[in-house]
Amino acid sequence: MAGTTRDKHGRPVVAVTGMGVVTSLGVGKDDNWAALTAGKSGIHRITRFPTEGLRTTIAGTVDTLKIPEPFCAPNLSHELARLAAGEAVAQSALGGKQDFPGQLFMAVPPVEVEWPQRAAMANAGGNGDLTYTDVLKGAATGKFHDFHDLFLFGAVADRIADEFGTRGSPISLSTACSSGATAIQLGVEAIRRGETPAALCIGTDGSVHAEALIRFSLLSALSTQNDPPEGAAKPFSKNRDGFVMGEGAGALVLEDYDHAVARGAKILGVLAGCGEMGDGFHRTRSSPDGKPVIGAIRAALDDAGLRPDQIDTINAHGTSTPENDKMEAMGCQAVFGETVPPITSNKSMIGHTLTAAGAVEAVFSLLSIQHGRIPPTINYNVPDPTIMIDIVANTPRDAKVTSVISNSFGFGGQNTCLVMTAEPV
Amino acid sequence: MSSRDVIITGIGIVTSLGEGIEPHVQALSSFTPNVDCEKFAPYAVHPAVAVELDRHIPKKSDQRQMEPWQRYGTYAAGAALEDAGIKGNAELLAKMHLIVACGGGERDYAVDGQILTGLRDAAEPDVYLNERLMSDIRPTLFLAQLSNLLAGNISIVHGVIGGSRTFMGEEQAGVDAVRIAEARIRSGQNDLFLVGGATNAERADLLLTYEMGGAVWRDPSVPVLKRGGGGFVPGSASVFLVLEAREHAQARGARMIAKLGPVAAERSRRKEGDVTRILGDLMMAAGPVPTVVSGNTGFSSASTEEAEAIARSAPDAKVILSGDMIGHSIEAQFAFGVALAAGGIHAGATAGPALVTGVGYHRGEGLVKVEAA
């Protein structure tokens, strides 16, 4: 099934032939890239739900889409994914309508029944002091079957698989905040194994609701500098105080390089390398020695067959939490030495799109290659003296970009890095 | 591309029937189902047996950070590592990859109940919800709920740090977890995997998900195939397998329990006859076998179609229904079937090769062949 072009490890080369993205900056690559390179922020005050009593009242939610009732994380995540995948598949011109000739790998936020639905069932089941017995009684009436289809873990991928006609068994996955990168990694591996000529890899997250925000807030992970909203995400700055939740989706069509060339497809870039390493130190903090972060970056470079000095820019995980940015800078210095390539964090403008981040930022990394421009890290006004690396601060930088590494790190010791190049390595 | 044999070299299991592979192999000849009909009446569940957590999760501080599904899963993972002779071997654990199939974690029922009661009469329900959630939720509860934190806990407690991935999506997540691990070993990408899943059935919120879909069967005395597609009795199960390239297992002198074939995974649209056709085709391609371990859920036409496909494609085979033994453990059921087939063949209690089915109650069709190593 795979073609004859091989990478340095003798494996089929994986091309990118389609990309799609939705964030709080807009729908589609054009709007996102224009805003991103203009240093525009998509972070704003939350209007989706009241924020009285909350420490954080801002987010990069996507509020412009028409979402089918009931409004809930699975329905929004699905719509975000559908739009991003639609853009990517259209650009690739691969397959017919609802006939994508490849597998589906989807990073989706973990699903659970939400409060309006829980309350509807509880009130249908009882009227005294309510417990789960009442919720179950309500569910047993059989009137809430639609909720069942909505709140299954595999439901969003199921709908995307139907809409795009992907092949085989769609995979829904979570590696926390590196999920989007893992979805891409799974696609790369499947193509390299010759299992499929193409893969649709998506990361999506539309899960900013009160409880999700409160959960992160109680872990002290979020910025509380609510005024002005667009100033809150300050990756690598000394006064950074947490991340800002964001929503969005990123999608890539990955394709066996020769398969793409043979059908005359435009090659947008190459997914040259993936690296990962687990961290057994702590549930939310990374090993103080930075070994897993360093290991994941090195593994991605090795997988791509590139030396550190062959990387032109780093698309950072750069969450704007004190812990992440310190550890990430330290990891980059350990791998790249004195000359860490210019580094930037898209999260300064779109917030942390969580499950989607790795996929969204892979699209932006590839756009950097395409346009020869690195988007800025905005809000970089107070340098952190402990982070002395070349941050693309506040204004975009024009540069010939032929290779990018994009980092994604998550709770639970998840570290995943992707190397993207303009041409096969 | 290379094509290598994939060998099962370790099994860790906790279900309602017991701990370890032995009680489950014994159950192949006879067993008494372990069912709790009281705790969640009118629902029945197969509860996991009690285990000595300290054996595989030595630190109480780690145990406290987890909800039951994570504790049992982490425990079973440790048991699998021990069974494979890898536990504590930092060099092997550092290159070992991990794939976990699971749902999410448990909610705080007391908090939810109080909020639901208060919400009903709250003047401003959303504001009330904010206040209560901010003050009532335990900050670390989130870490016990995140799907990928079972994998995270396995990394922390056991030092499996090659890299972990968590698959969600009910039964098919379990099929795909084994499939991807198997494919990565077979293709030469990696040598060593820990793969499996954990489900705690003693959860009102788990019952809720499946009761919304009318999939929960309340009378455990009725066998899976006699329910007319009426549903499943949820069962707790935590199952982990150590999978390894044959060369790798040989080089370290590991005991080989069984050989795992390529895992097939499909997703039909579930039109009438789809399951019979797809499973039948996969079984025909796998060739005749004396044993089938069926994960038949007991729910919907998929249940009757699965039984029909097995009767047609393997009319002479002994069919073992894992759902009658341990109930239905969703994400963990396929790994349980593989473990049962492997353990049975290794012990000489089951005629090999065996086909293991994984047909989801709602979606997904999977099959794998397990045979003597």
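Everything here concerns the structure above.
Residues numbered from 1 in each chain as written. Chains lettered and ligands numbered in written order. Predicted model: local features only at pLDDT ≥ 70, side-chain atom pairs only at ≥ 80, totals over all residues.

## A closer look at the overall build of chain B
Step number 1: Looking only at helices and strands, chain B features 15 helices and 14 strands.
Step number 2: Over its C-alpha atoms chain B spans a radius of gyration of 20 Å, differing by no more than 12% from the 21 Å that the globule rule assigns to 373 residues.
Step number 3: Each principal axis of the C-alpha distribution contributes one length, and for chain B these read about 65 × 50 × 40 Å.
Step number 4: Considering chain B as a whole, with its 373 residues, one finds that 63% of them fall into the buried category.
Step number 5: Contacts in chain B between residues at least 24 apart in sequence constitute 80% of all its contacts with a sequence separation of at least 6. (Helix = DSSP H or I, 4+ residues; strand = E, 2+ residues; numbered from the N terminus. Rg over C-alpha atoms; globule rule 2.2 N^0.38 Å. Buried ≥ 20, exposed ≤ 12 C-beta atoms within 10 Å, placed from the backbone. Contact = placed C-beta atoms within 7 Å.)

## Examining the environment of Ala124(A)
Residues and elements named next belong to chain A.
Step number 1: Inspection of the secondary structure puts Ala-124 in helix 3 (residues 115-125).
Step number 2: Considered as a pair, Ala-124 and Ala-139 are 15 residues apart in the sequence and their alpha carbons are 8.2 Å apart.
Step number 3: Those residues in contact with Ala-124, other than ones at most four positions away along the chain, are Gly-138, Thr-141 and Lys-143.

## Thoughts on the pairing of strand 11 (residues 291-294) of chain B
Residue and element names in this part refer to chain B.
Step number 1: Neither face of strand 11 is open: one carries Thr-291 and Val-293, the other Val-292 and Ser-294, and all of them are buried.
Step number 2: Bridge count for strand 11 against strand 12 (residues 318-321) is 4 bridges, and the pairing is parallel. Counterpart to Ser-294 in the pairing with strand 12 is Leu-321.
Step number 3: Once the chain exits strand 11 it traverses helix 13 (residues 300-313) before rejoining the sheet at strand 12, and the crossover so formed is right-handed.
Step number 4: Pairing between strand 11 and strand 13 (residues 354-359): 3 bridges, direction parallel. Paired with Val-293 across the bridge in strand 13 is Val-356. (Pairing = 2+ DSSP bridges. Right-handed = clockwise from strand over helix to strand, strands pointing away.)

## A few points about helix 15 (residues 333-347) of chain B
Residues and elements named next belong to chain B.
Step number 1: Spanning 15 residues, helix 15 covers 21 Å between terminal C-alpha atoms, matching the ideal 21 Å at 1.5 Å per step.
Step number 2: By the criterion of burial, helix 15 is predominantly enclosed, with 14 of the 15 residues buried.
Step number 3: A positive backbone phi angle near 80 degrees is found at Gly-348, which sits one or two residues after helix 15. (Expected span 1.5 Å × (residues − 1).)

## Re helix 3 of chain A
Step number 1: By the burial criterion, the buried members of helix 3 of chain A are Trp115(A), Gln117(A), Arg118(A), Met121(A) and Ala122(A). Burial along helix 3 of chain A is one-sided: seen end-on, the buried residues are contained in an arc of 165 degrees.
Step number 2: Where helix 3 of chain A is buried, its residues meet helix 4 (132-140), helix 5 (145-150) and helix 8 (210-218) of chain A together with helix 5 (109-121) and helix 6 (125-136) of chain B. (Arc of directions from axis to C-beta.)

## Some words on the pairing of strand 8 (residues 248-256) of chain A
If a strand is regular, its side chains alternate between the two faces of the sheet.
Residue and element names in this part refer to chain A.
Step number 1: Judged by how many residues are buried, strand 8 sits mostly within the fold: 9 of 9 residues are covered.
Step number 2: Burial of the side chains of strand 8 extends over both faces: Gly-248, Gly-250, Leu-252, Leu-254 and Asp-256 are buried on one face and Ala-249, Ala-251, Val-253 and Glu-255 on the other.
Step number 3: Where strand 1 (residues 14-23) and strand 8 come together, 9 bridges link them in antiparallel fashion. Residue pairing for strand 8: Val-16 is matched across the bridge by Leu-254.
Step number 4: Here strand 7 (residues 198-205) runs beside strand 8; their pairing, made up of 8 bridges, is antiparallel. If you follow Cys-201 over to strand 8, its bridge partner there is Leu-252.

## As for unusual backbone geometry
Step number 1: For the bond running from Glu69(A) to Pro70(A), omega is -5 degrees, close enough to zero to count as cis.
Step number 2: If you trace the backbone, Pro70(A) turns up in the loop between strand 4 (58-59) and helix 2 (73-92).
Step number 3: Omega for the bond connecting Gly352(B) with Pro353(B) falls within 30 degrees of zero, at -10 degrees, which places this linkage in the cis form.
Step number 4: Relative to the helices and strands, Pro353(B) resides in the loop between helix 15 and strand 13.
Step number 5: For Glu170(B), which is not a glycine, the phi torsion comes out positive at approximately 55 degrees.
Step number 6: Residue position: Glu170(B) is located in helix 9 (residues 170-186).
Step number 7: The phi angle at Arg270(B) is positive, at roughly 60 degrees, despite the residue not being glycine.
Step number 8: Tracing the backbone through its elements, the reader meets Arg270(B) in the loop between strand 10 (264-266) and helix 12 (274-286).

## Quick look at the packing of helix 1 (residues 29-37) of chain A against helix 13 (residues 357-371) of chain A
All names here are of chain A.
Step number 1: Direction vectors running N to C along helix 1 and helix 13 enclose 75 degrees, while the axes themselves pass 11 Å from each other. As judged from the angle between their axes, helix 1 and helix 13 are roughly perpendicular. When helix 1 is examined against helix 13, the residues Lys-29, Trp-33 and Leu-36 are found in contact with a partner set consisting of Val-363, Phe-364, Leu-367 and His-371.
Step number 2: Each residue belonging to the contact of helix 1 with helix 13 can be placed in one class, and the counts come to 5 nonpolar, 1 polar and 1 charged. (Axes fitted to C-alpha atoms, helices over the stretch in contact; angles between N-to-C directions. Parallel < 35°, antiparallel > 145°, perpendicular 65-115°, else oblique. Nonpolar A, V, L, I, M, F, W, Y, C, P; charged D, E, K, R; others polar.)

## Looking at the nonpolar core
Nonpolar side chains tend to gather and get buried jointly when the protein is soluble and globular.
Step number 1: The biggest cluster of nonpolar side chains holds 273 residues, and the ones touching the most others in it are Met106(A), Ile202(A), Leu252(A), Ala359(A) and Val338(B).
Step number 2: Setting aside its immediate chain neighbours within four residues, Ile202(A) contacts Ala81(A), Ala84(A), Ala85(A), Met106(A), Ala107(A), Ile160(A), Ala183(A), Ala249(A), Ala251(A) and Ala359(A). (Core = buried A, V, L, I, M, F, W, Y, C linked by C-beta atoms within 7 Å.)

## A word on the environment of Thr175(A)
Step number 1: With respect to the helices and strands, Thr175(A) occurs in the loop between strand 6 (167-174) and helix 7 (179-192).
Step number 2: Thr175(A) gets classed as buried once you count the C-beta atoms within 10 Å, which come to 33.
Step number 3: Between the C-alpha atom of Thr175(A) and that of Gly413(A), which follows or precedes it by 238 residues, the distance is 8.9 Å.
Step number 4: Dropping the residues within four chain positions of it, Thr175(A) is found in contact with Thr182(A), Gly410(A), Gln414(A), Thr416(A), Asn148(B), Arg165(B) and Thr166(B).

## Focus: the interface of chain B and chain A
Step number 1: Counting from both sides, the interface comprises 62 residues of chain B and, opposite them, 63 residues of chain A.
Step number 2: In terms of residue count, helix 6 of chain B provides more of the side of chain B that touches chain A than any other element does, 7 residues in total.
Step number 3: Its residues placed into classes, the side of chain B that touches chain A shows 27 nonpolar, 24 polar and 11 charged.
Step number 4: Examined bridge by bridge, strand 6 of chain A and strand 6 (residues 163-168) of chain B share 3 bridges and lie antiparallel to one another. Considered in strand 6 of chain B, the bridge of Leu173(A) is made with Phe167(B).

## Section: the packing of helix 2 of chain A against helix 6 (residues 155-164) of chain A
Residue and element names in this part refer to chain A.
Step number 1: Closest axis-to-axis distance for the helix 2/helix 6 pair is 10 Å, and the angle between their directions is 35 degrees. Regarding helix 2 and helix 6, the two cross each other, and that crossing is right-handed. Residue-level inspection shows Pro-74, Ser-77, His-78, Ala-81, Arg-82, Ala-85 and Val-89 of helix 2 in contact with helix 6, the latter providing Ala-155, Val-156, Arg-159, Ile-160, Glu-163 and Phe-164.
Step number 2: Among the residues forming the contact of helix 2 with helix 6, the class breakdown is 8 nonpolar, 2 polar and 3 charged. (Left-handed = near helix turned anticlockwise from the far one by under 90°.)

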